[in-house]
Amino acid sequence: MCGVFGILGDYSPLKAREALGMLIHRGRDHCGIVEQERVFLAHQRLSITDAHPRSHQPMRRGKVMISFNGEIYNYREIRERLNLSEWTTSGDTEVILAAYEKWGIACVEQFEGMFAFALLDGEKLYLVRDRFGKKPLFYHEGKNAFVFASEIKAIKPFLSTVRMNDEALHSYLSFLAPAPPYTFYQGIEKLESGEWLCYEKGAITRHSYYTPLPSTPSVITDRQEAIRRIEAQLHRAVEMRLDTDASVAALLSGGLDSAMICAIASRQGRKLPVFTLGYDEYDNYDERKNASATADYLGLEHTEVIISKEEFHNRLDELLFQMDEPLNDPAALPLYLLFGRIAQEEHKVVLSGEGSDELFLGYRQYFEYLDIEKAASLHHKNWLKKYFHAHFSMNREWEWYKRVFDDTLLFRTSGEKFTDLQQNLLFRRNVRDNDSLRFLEKYRQNFVQSAHSDPSMWYSMIDLKLFVGEHFLTKLDRVSMAHTIEARTPFLDHRLAETILSVDPILRIGEGETKTLLKQIARNYLSDEIIDRKKKGFSNPYMEWLIASGRIDLIREVNDKTGMFYPEIVEKYLELARRGRFKQHVWGLYVLSHWIQRELL
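Conventions adopted
- Residues numbered from 1 in each chain as written.
- Predicted model: local features only at pLDDT ≥ 70, side-chain atom pairs only at ≥ 80, totals over all residues.
- Heavy atoms only, no water.
- Salt bridge = Lys/Arg side-chain N within 4 Å of Asp/Glu carboxyl O.
- Helix = DSSP H or I, 4+ residues; strand = E, 2+ residues; numbered from the N terminus.
- Buried < 20%, exposed > 50% of the residue type's maximum accessible area, 1.4 Å probe, protein only.
- Pairing = 2+ DSSP bridges.
- Axes fitted to C-alpha atoms, helices over the stretch in contact; angles between N-to-C directions.
- Right-handed = clockwise from strand over helix to strand, strands pointing away.

Enquirer: Mind laying out the pattern of salt bridges, listing which residues take part and the relevant values?
Expert: Once the charged atoms of two side chains with opposite charge are near each other, the side chains can pair. Here the structure, examined in full by the defined rule, presents 55 salt bridges. When the shortest N-O distance is used, the salt bridge between Glu 416 and Arg 403 registers 2.5 Å. Here Arg 403 lies in helix α13 (residues 396–406) and Glu 416 lies in the loop between α13 and α14 (420–426), a separation of 13 residues in the sequence. Residue Arg 403 is classed as buried on the basis of its relative accessible area, which comes to 0%. A salt bridge links Asp 528 to Arg 523, with the shortest nitrogen-to-oxygen separation between them at 2.9 Å. Under the relative-accessibility criterion, Arg 523 is labelled partly exposed at 35%. Through salt bridges that share partners, Arg 26, Lys 135, Glu 151, Lys 153, Asp 324, Asp 477 and Arg 478 make up one connected network.

Enquirer: Tell me about the sheet that holds strand β14 (residues 274–278), residues and numbers included.
Expert: Within a sheet, adjacent strands bond to each other through the backbone by hydrogen bonds, running parallel or antiparallel. Strand order in the open sheet formed by 5 strands is β15-β14-β13-β16-β17, with parallel pairing between adjacent strands. Every other strand in the sheet has two partners, leaving β15 (302–306) and β17 (486–488) as the edge strands with one partner each. Ignoring strand direction, the axes of neighbouring strands in this sheet form an average angle of 30 degrees. Strand direction decides the pairing type here: strand β13 (residues 248–251) and β14, joined by 2 bridges, are parallel. Its bridge partner being in β14, Leu 251 is matched across the sheet by Phe 275.

Enquirer: For the pairing of β15, give the residues involved together with the corresponding values.
Expert: Only one face of β15 is covered, namely the one carrying Thr 303 and Val 305; the face carrying His 302, Glu 304 and Ile 306 has none of its residues buried. Relative to β15, β14 is paired through 5 bridges, and the arrangement is parallel. Each residue of the ladder has a partner; that of Val 274, found in β15, is His 302. Crossover β14 to β15 through helix α7 (residues 288–298) is right-handed.

Shown next as structure tokens:
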């Protein structure tokens, strides 16, 4: 992993270098800079593939230069296909340049892996983000320069003033993270997953080059064939991500996803050291016992990392600075501290289980939504529609049924948090019902125009785009790279994902059991006890600690200064959180308040 930074246009070398310094945590092995008239291209390197200085970046091949963050796992295969007589390195960066020479920007469709890169070809600049958004890329078009970077903090110095983007605010409240292309900073935008951007002579062209949905639905209709093909792709995905000389570890919760990654790695002869989070005095959140049982079953070296209330209080500001902008994920801080411990053990690469739930239907609520979809065909739903409109409730079930009876879109990502009507009650401004649908509109149009109609395919598609791409993977990138660690996600191998989504939805759904296909595969690797136990994930006592530390008062304090929300509604949410309800809503308000205080007040 690495840090990408550059400027096209007028720039101060001193200011450019200071901004680049904000990315040093993304790669401490080497800092490369190319300074030309109206071109500043730079790179902070974390050496994983071909660690030799010959692979330092920015790298040039002919008239083309690149600053690249990521890993192209199939670079050796592409290298053979290119069949060139001479190579100056043995790594993947040079392969990207050679592939661009042969195929142009369409070369991105040949790459398997995680990547974000800036490629400069004369006056033409390409910015590219991988299919699922594992690696980030941000940009700012100013009066006299176009600036881009792996993180917002390196671009912020080029803003004339910091202003909050309202579109980012509303999409954040709705879906836990700003929807592309928005960030919380007016003037800074981000690429979305599976997209490239071309900047040439002041004009910007954006192009979406990838969708995970197969063009033909239900390609695989036999359960045993589905099992066989998915298992083969799982092995391939893990094997590719273990192909490195760097020290590799894995995250291990008490759940199935991380256990399967470790089990397959073990079957391939790699006993990965594993790391698990724990919380003293909070048994409801603690997964150490279950994770330890998995580690013992697989014969893995297991490290337990205990997070305390004091660490939560002392390190939260640090974590929120690293995140750059609000992201509503209470697991970010524990995961940040966990990666800190992994860094102390000098591991450079960590495997993580993101994407499995969305691909294998691992959330119980998917099946709740599928059940509620049936209410759309009720004969007397107009009466029910009037009843629900007359009896408002903040509970999510009320909202779900109202949508079905209104004939509007029911599922709006697993990360949906504040509904439009909840936002309308909260804000001192009008928020129309279904207003947040504008952030989903282009994805929904793509789905409707596709050959797919099964609701579960929509659930997976939109969750991969927003819940995974902008929420989970943003968190994973920031907390891992803050400690100069490369996080790899085998379940988000695009060939594996496409295989899973080619399976007939009837087989994916099964009898209503979560992850039915993955569980059947797992029977060959893990015990029934590991496979069938209840999942906790990275849940943690964040609200108890937020209240105990007194930090929760910041929500009220910032709102008193901004007047953004109705005070009585804020108090209602705070009271509900103290009773264990709407906790993530309140965490989202806290993270937002922290950013507003730091950047705007």
